[in-house]
Amino acid sequence: MSKTPPRDRGRFGADTRLVLAGRDPGAQHGFVNTPIYRGSTVLYPTYDDIKHRRGRYNYGTSGTPTMDALCEAWSEIAGAAGTVLAPSGLSALTLALMSCVSAGDHLLVTDSAYRPTRIFCDGVLKRYGVEVEYYDPVIGAGIAGLMRDTTRAVLVEAPGSQTFEMQDVPAIAAAMHARGGTVVMDNTWATPLLFPPHERGVDLAVEAGTKYLSGGSDLLLGLVSANAEHYPALKRTYEHFANCPGPEDIFLGLRGLRTMGLRLREHGARGLAMAQWFQTRPEVLRVLHPGLPDDPGHAIWKRDFSGASGLFGVILKPVSEEALAAFLDGLELFGMGFSWGGFESLVIPFDPTVYRTATRWQPGGPALRFHIGLEDPEDLKADLEAGFARMGAA
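Summary of the structure given here. (Residues numbered from 1 in each chain as written. Predicted model: local features only at pLDDT ≥ 70, side-chain atom pairs only at ≥ 80, totals over all residues. Heavy atoms only, no water.)

A few points about helix 5 (residues 115–127)
Given 3.6 residues per turn, any residue in an α-helix points the same way as the ones three and four places further on. Compared with the 18 Å implied by 1.5 Å per residue over 13 residues, the 18 Å span of helix 5 between its first and last C-alpha is a close match. When we look at burial in helix 5, the residues that qualify are Thr117, Arg118, Phe120, Cys121 and Leu125. Along its buried surface, helix 5 packs onto helix 4 (89–98), strand 2 (106–110), strand 3 (131–135) and strand 4 (151–157). Trailing helix 5 by a residue or two, Gly129 shows a phi angle of about 90°, which is positive. (Helix = DSSP H or I, 4+ residues; strand = E, 2+ residues; numbered from the N terminus. Expected span 1.5 Å × (residues − 1). Buried < 20%, exposed > 50% of the residue type's maximum accessible area, 1.4 Å probe, protein only. Contact = heavy atoms within 4.5 Å.)

Some remarks on the nonpolar core
Counting residues in hydrophobic clusters, the biggest one holds 81 residues, and the most contacted among them are Leu107, Leu125, Val154 and Trp189. Per-element tally for this core: the top contributor is helix 3 (residues 65–78), with eight residues. Beyond its immediate sequence surroundings of up to four residues, Trp189 is in contact with Ala158, Pro159, Phe164, Tyr212, Pro290, Trp301, Phe305, Gly307, Ala308, Ser309, Leu311 and Trp340. Phe278, Phe312, Phe334 and Val347 belong to the second largest nonpolar core, which has 24 residues in total. (Core = buried A, V, L, I, M, F, W, Y, C linked by side-chain atoms within 4.5 Å.)

Things to note about the packing of aromatic side chains
Applying the stated criterion across every chain, the model contains 12 aromatic pairs. Aromatic side chains Tyr212 and Trp340 sit 5.7 Å apart centroid to centroid with 65° between the ring planes, which places their arrangement in the edge-to-face category. Taken together, the positions of Tyr212 in the loop between strand 6 (204–208) and strand 7 (222–226) and Trp340 in the loop between strand 10 (334–335) and strand 11 (345–350) put the pair 128 residues apart, joining distant regions of the chain. You can call Tyr212 buried: its relative accessible area is 1%. (Phe/Tyr/Trp six-rings, centres within 6.5 Å; stacked < 30°, edge-to-face > 60°.)

With respect to the environment of Pro116
In this structure, Pro116 sits in helix 5. In this structure the C-alpha to C-alpha distance between Pro116 and Leu384, which are 268 residues apart in sequence, comes to 29 Å.

What to know about the packing of helix 4 against helix 5
Viewed as axis vectors pointing N to C, helix 4 and helix 5 meet at an angle of 45°, and their least axial separation amounts to 10 Å. Here helix 4 is positioned oblique relative to helix 5, judged by the angle of their axes. Here the hand of the crossing between helix 4 and helix 5 comes out right-handed. Where helix 4 abuts helix 5, its residues Leu90, Leu93, Thr94, Leu97 and Met98 lie against Pro116, Thr117, Phe120, Cys121 and Leu125. Class assignment for the residues of the contact of helix 4 with helix 5 results in eight nonpolar, two polar and no charged. (Axes fitted to C-alpha atoms, helices over the stretch in contact; angles between N-to-C directions. Parallel < 35°, antiparallel > 145°, perpendicular 65-115°, else oblique. Left-handed = near helix turned anticlockwise from the far one by under 90°. Nonpolar A, V, L, I, M, F, W, Y, C, P; charged D, E, K, R; others polar.)

Focus: the pairing of strand 11
Counting buried residues in strand 11 gives five out of six residues, a clear majority hidden from the surface. For strand 11 and strand 12 (residues 367–371), the ladder comprises five bridges, and the chain directions are antiparallel. The residue of strand 12 that forms the bridge with Val347 is Phe370. (Pairing = 2+ DSSP bridges.)

Regarding the sheet that holds strand 11
In spatial order, the strands read 8-9-12-11-10; together these five strands make up an open sheet with mixed pairing. Either end of the sheet is taken by a strand with one partner, and the two such strands are strand 8 (284–288) and strand 10. In the sheet, strand 9 (residues 311–316) pairs with strand 12 via five bridges, with the strands oriented antiparallel. Across the sheet, residue Gly313 finds its bridge partner in strand 12, namely Arg369. The strands touched by helix 10 (residues 260–279) within the sheet are strand 8, strand 9 and strand 12, with strand 9 carrying the most contacts at an inclination of about 10°.

As for the pattern of salt bridges
Within this structure, the stated rule accounts for 19 salt bridges. Here Arg200 makes a salt bridge to Glu199, at a shortest N to O gap of 3.9 Å. What makes Arg200 partly exposed here is its relative accessible area of 22%. Arg303 is the salt-bridge partner of Asp304, the closest N and O atoms lying 2.8 Å from each other. If you follow the salt bridges from partner to partner, you end up with Asp111, Arg118, Glu165 and Arg356 in one network. (Salt bridge = Lys/Arg side-chain N within 4 Å of Asp/Glu carboxyl O.)

Without other data, these values stay purely geometric and don't point to any function.
Next comes the structure, spelled out in structure tokens:
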């Protein structure tokens, strides 16, 4: 029989725990990974067993060994009491919100939130009687001034996934908890490896496993981890929706978990180096990256985070749309697509002026979001230099 991984894994470093968490080869006939359990029907041996629902599993939506392996692993990495899975990052975020707000409640949402999150809040939540109010992401402890008797939760995202404002999550959490409210966080940019959400006061932490957990740009998956107080409500809401991901996606999430620490460090180092390189370019007005010393959120990032991912923003000096198109269309190594966290480099133009309501977005030039992949950095720079040359010629 194969050895069972040690249970007291707190003494190990993050990379070791990523390798060990959620694995039990001894229970899998010696195979290293938990296999894919695919199924809906679970059989009971006797009438008495089915009457009293004896057994770990009773139906496919209630969980499988594959699902449990990822949930247990993620809870360990995130420092959570429990985790549930969802078919996408947005689905996970909606699940977290639905578990803590009801009709008549007031919900505070950062103005820098992921736009599909806003669409859900302004559509489904408002339709079901939740009042949604957006706030300046840099408000910090001042958020207490926006709270009402009906305020039940606040949604934070640090940094914002397009505009990269840092939020003082511990200060916001302290203010919300003083009023008995719930703190929900989209922690996809950092993952629990770079920002331990529950240590910083977050009650429900959302991760788009589509990004760095996957690492391969071939997976849709979401995770919500919760502290002990909020896990029961989260679990009930999950069971009511039965909105579970497919077994192959869960398996791929487990596979990606084993190398996530290594990949995230490489993305972070390359991303910061590229952000610094962009600062030297005459075509660039400013770079939006909290790891840069002159970034407005750098002090908070340095205090609360242990590193950066490979996602950041660049504001170009004013150019025509034709010149911007010339820059982007000819890039060979940067794909244009609405995701990040994979092995390849990406870029998208963005303009949140059409939907931000609590703050004004005045960048001073075209805004681009870059994800730095695992290509040779010198090749990426050469590709961008050629793009800047095309932009200048246009």
